[in-house]
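Architecture at a glance
Here is how the chains run, residue by residue.
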Amino acid sequence: MTQPRISTAFDSGAVDVVSLADQRDIQLNIRPDNAAEFAQWFHFRLQGCAGLPVTMRFLNAGQSAYPKGWEGYRAVASYDRQHWFRVPTSFDGKEMKVTMTPMAQSVYLAYFEPYSHERHLDLIGFANEHDNVEVQCLGQTLDGRDMELLVIGEPAEGKRKVWLIARQHPGETMAEWFVEGFLERILDGDDPVSRKLLEQCVFYVVPNMNPDGAARGNLRTNAAGANLNREWQSPTMERSPEVFLVRQKMLEVGVDLCLDAHGDENLPYNFVAGCEGNPGYTARIEALEEAFKAAWLATSPDFQTEYGYERDAKGEANLTLATNWVGQEFDCLAYTIEMPFKDNANLPDEEYGWSGERSKKLGAGVLLPVLAVVGKLR
Ligand code: ZN
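A few points on the structure. (Residues numbered from 1 in each chain as written. Predicted model: local features only at pLDDT ≥ 70, side-chain atom pairs only at ≥ 80, totals over all residues. Heavy atoms only, no water.)

**Quick notes on the state of the cysteines**
Tallying each qualifying case throughout the model produces zero disulfides. For the unlinked cysteine Cys 275, the closest cysteine sulfur is that of Cys 332, found at 7.3 Å. (Disulfide = S-S within 2.5 Å.)

**Describing the sheet that holds strand β16 (residues 271-273)**
If you trace the seven strands from one edge of the open sheet to the other, you get β11-β12-β14-β13-β15-β17-β16, paired in mixed fashion. Unpaired on one side and paired on the other, β11 (133-140) and β16 mark the two borders of the sheet. This sheet shows a mean twist of 25 degrees between the axes of neighbouring strands, independent of strand direction. Inspection of the sheet shows strand β15 (residues 257-264) paired to strand β17 (residues 333-340) by eight bridges, in the parallel sense. Bridge pairing links His 262 to Glu 338 in β17. Across the face of the sheet, helix α2 (residues 174-186) comes into contact with β12 (146-152), β13 (160-166), β14 (201-206), β15 and β17 while running at roughly 145 degrees to β13. Most of the contacts of helix α3 (residues 192-200) go to β14, to which it runs at about 105 degrees, and overall it touches β12, β13 and β14. (Pairing = 2+ DSSP bridges. Helix = DSSP H or I, 4+ residues; strand = E, 2+ residues; numbered from the N terminus. Axes fitted to C-alpha atoms, helices over the stretch in contact; angles between N-to-C directions. Contact = heavy atoms within 4.5 Å.)

**Considering helix α7 (residues 322-330)**
In terms of residue burial, α7 counts as a mostly covered element, since seven of its nine residues are buried. Every buried residue of α7 is listed here: Ala 322, Thr 323, Asn 324, Trp 325, Val 326, Gly 327 and Phe 330. Looking at the buried residues of α7, the elements they touch are β13, α5 (241-253), β15, β16 and β17. Downstream of α7 by a residue or two, Asp 331 has a phi angle that is positive, lying close to 45 degrees. (Buried < 20%, exposed > 50% of the residue type's maximum accessible area, 1.4 Å probe, protein only.)

**Some thoughts on the environment of Thr 323**
Relative to the helices and strands, Thr 323 resides in helix α7. Note: C-alpha distance between Thr 323 and Arg 230 (93 residues apart in sequence) is 10 Å. Sequence-distant contacts of Thr 323, defined by excluding residues within four places in its chain, comprise Asp 260, Ala 273, Gly 274, Cys 275, Ala 334, Tyr 335 and Thr 336. Within polar-contact distance, the side chain of Thr 323 engages the side chain of Thr 336 at 2.6 Å. (Polar contact = N/O pair within 3.5 Å; in protein donor to acceptor, adjacent residues only side chain to side chain.)

**Structural notes on the sheet that holds strand β8 (residues 89-91)**
The strand order across the open sheet formed by five strands is β2-β3-β5-β9-β8, and the pairing between neighbours is mixed. Sheet topology places β2 (16-19) and β8 at the edges, where each strand pairs with a single neighbour. Neighbour-to-neighbour, the strand axes of the sheet open up by a mean angle of 25 degrees, direction not taken into account.

**Side note on the coordination of the zinc ion**
Of the protein atoms, only His 169 (ND1), Glu 172 (OE), Glu 172 (OE) and His 262 (ND1) coordinate the zinc ion, at distances of 2.1 to 2.5 Å. Around the zinc ion, the four donor atoms sit at angles spanning 56 to 148 degrees, and that spread fits a shape best called irregular. Positions of the donor residues of the zinc ion along the chain correspond to the pattern H-x2-E-x89-H. Here Glu 172, found in the loop between β13 and α2, pairs with His 262, found in strand β15; they are 90 residues apart in sequence, far enough to count as distant. Residue Glu 172 shares its accessibility class with His 262, and that shared class is buried. (Donors = N, O, S within 2.8 Å, 3.2 Å for Na, K, Ca; no water. Tetrahedral: all angles 85-135°; square planar, octahedral: opposite > 155°, others 65-115°.)

**As for helix α8 (residues 356-365)**
Since one α-helical turn is 3.6 residues long, residues separated by three or four positions face the same way. Among the 10 residues that make up α8, eight are buried, leaving the element largely enclosed by the rest of the structure. Buried within α8 are the following residues: Gly 356, Arg 358, Ser 359, Lys 360, Leu 362, Gly 363, Ala 364 and Gly 365. Residues of α8 that are buried sit in contact with α2, α6 (283-299), β17 and α9 (367-373).

**Structural notes on the pairing of strand β9 (residues 96-100)**
Of the two faces of β9, only one is covered, namely that formed by Met 96, Val 98 and Met 100; the face formed by Lys 97 and Thr 99 stays uncovered. Alignment of strand β5 (residues 54-58) against β9, held across five bridges, turns out to be antiparallel. Bridge pairing in β9 places Thr 55 opposite Thr 99. Alignment of β8 against β9, held across three bridges, turns out to be antiparallel. Opposite Thr 89, over in β9, you have Val 98 as the bridge partner.

**Observations concerning the pattern of salt bridges**
Going through the model one piece at a time under the given rule, you end up with 23 salt bridges. Measuring nitrogen to oxygen at the nearest pair gives 3.1 Å for the salt bridge that ties Glu 184 to Lys 360. Linking Glu 184 in helix α2 with Lys 360 in helix α8, this pair joins segments that are 176 residues apart in sequence. Of the residues examined, Lys 360 reaches a relative accessible area of 12% and is grouped as buried. The closest approach of N and O atoms between Arg 239 and Glu 231, which form a salt bridge, is 3.0 Å. Accessibility expressed as a relative area gives 38% for Arg 239, which makes it partly exposed. (Salt bridge = Lys/Arg side-chain N within 4 Å of Asp/Glu carboxyl O.)

**Comments concerning the packing of aromatic side chains**
Scanning all chains against the criterion turns up 23 aromatic pairs. A ring pair is formed by Phe 42 and Phe 58, whose centres lie 4.9 Å apart and whose planes are at 45 degrees; its orientation type is tilted. Residue Phe 42 is located in the loop between β3 (26-29) and β4 (43-47), and its partner Phe 58 is located in strand β5; the two are separated by 16 residues in the primary sequence. By the burial criterion, Phe 42 is buried, and Phe 58 matches it. (Phe/Tyr/Trp six-rings, centres within 6.5 Å; stacked < 30°, edge-to-face > 60°.)

**Details of the packing of α2 against α8**
Axis separation between α2 and α8 bottoms out at 6 Å; the angle between their running directions is 50 degrees. Overall, the two elements α2 and α8 adopt an arrangement that is oblique. Considering how the two elements wind past one another, α2 and α8 form a crossing that is right-handed. Residue-level inspection shows Met 174, Trp 177, Phe 178, Glu 180, Gly 181, Phe 182, Glu 184 and Arg 185 of α2 in contact with α8, the latter providing Gly 356, Ser 359, Lys 360, Leu 362, Gly 363, Ala 364 and Gly 365. (Parallel < 35°, antiparallel > 145°, perpendicular 65-115°, else oblique. Left-handed = near helix turned anticlockwise from the far one by under 90°.)

Shown next, in the form of structure tokens:
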């Protein structure tokens, strides 16, 4: 018999091994972010268990960042690191248990379909080949990675500035899959929605706001332990250079619409969260929000407005969040987009749950609500 082995020494690899004595009772702990307490993301390779019934117990799941995230959740697995499928998973309030009989000696398990730094660089490279894209490096992260901004379209007087940022929370990999789908469509010269939008807008896209946290296998923070989506009021180059650099660029060029893509651990739906709690929230912004949502509802069955976050009370928004800060600073439409780690309960997929591919489709589809509001942004 082969002794089971687990390894994590690769991009976004993360898990702590407690016991590998018996493949029917592999004991693991979810590993916290490198400099913060948040623990939810895992990604590892299991070897030596082909054809054998495997049970993996995540002993500390009940003490993770979002214990409710494990209710109705199923882990993803892959043999080739390209195709990720869901595997039977249960949660009793304390431990999460994943069971499977691997078909090969090597299988990867993860919280959600990973999006590696190599794939990120390939995405930048894909964009770089297009004539109407300028790849700008805004500066470096604490680990020395480039903060990349894609400027798409010809800047001209009167054109709207539309921002899309993603993955402030690095474990929310669906956010970068979303950007990939968005980019493939906006860079498709035959797509009529893209062509119409590029007549009226310049797009500023940050595919990965947190490349260090992503490579380190963090759920929510950068290399210094900063939750970037709480840094927008007073970022510093020492603690949150990612936000500092992007925010500086926003102040330089302006913002007419901003979308910030995320994943939600708990709710099995796609939804948006807006700026209703901002002190500067007006009927004009509210009307833009409603128009955006209505257009998305009308064009994507994967979007819904019934389930989402509790709305902020008037004037009580947390202005350290990107969406609220941008909406307040630029008096513009700003939305946080949330996708599920679990599945879309309105359109479930037994085999894959919510996935990278479905996130890409949603990202391509978001061009339609943008088109619906672009003439009214100012
Ligand atoms: Zn998030």
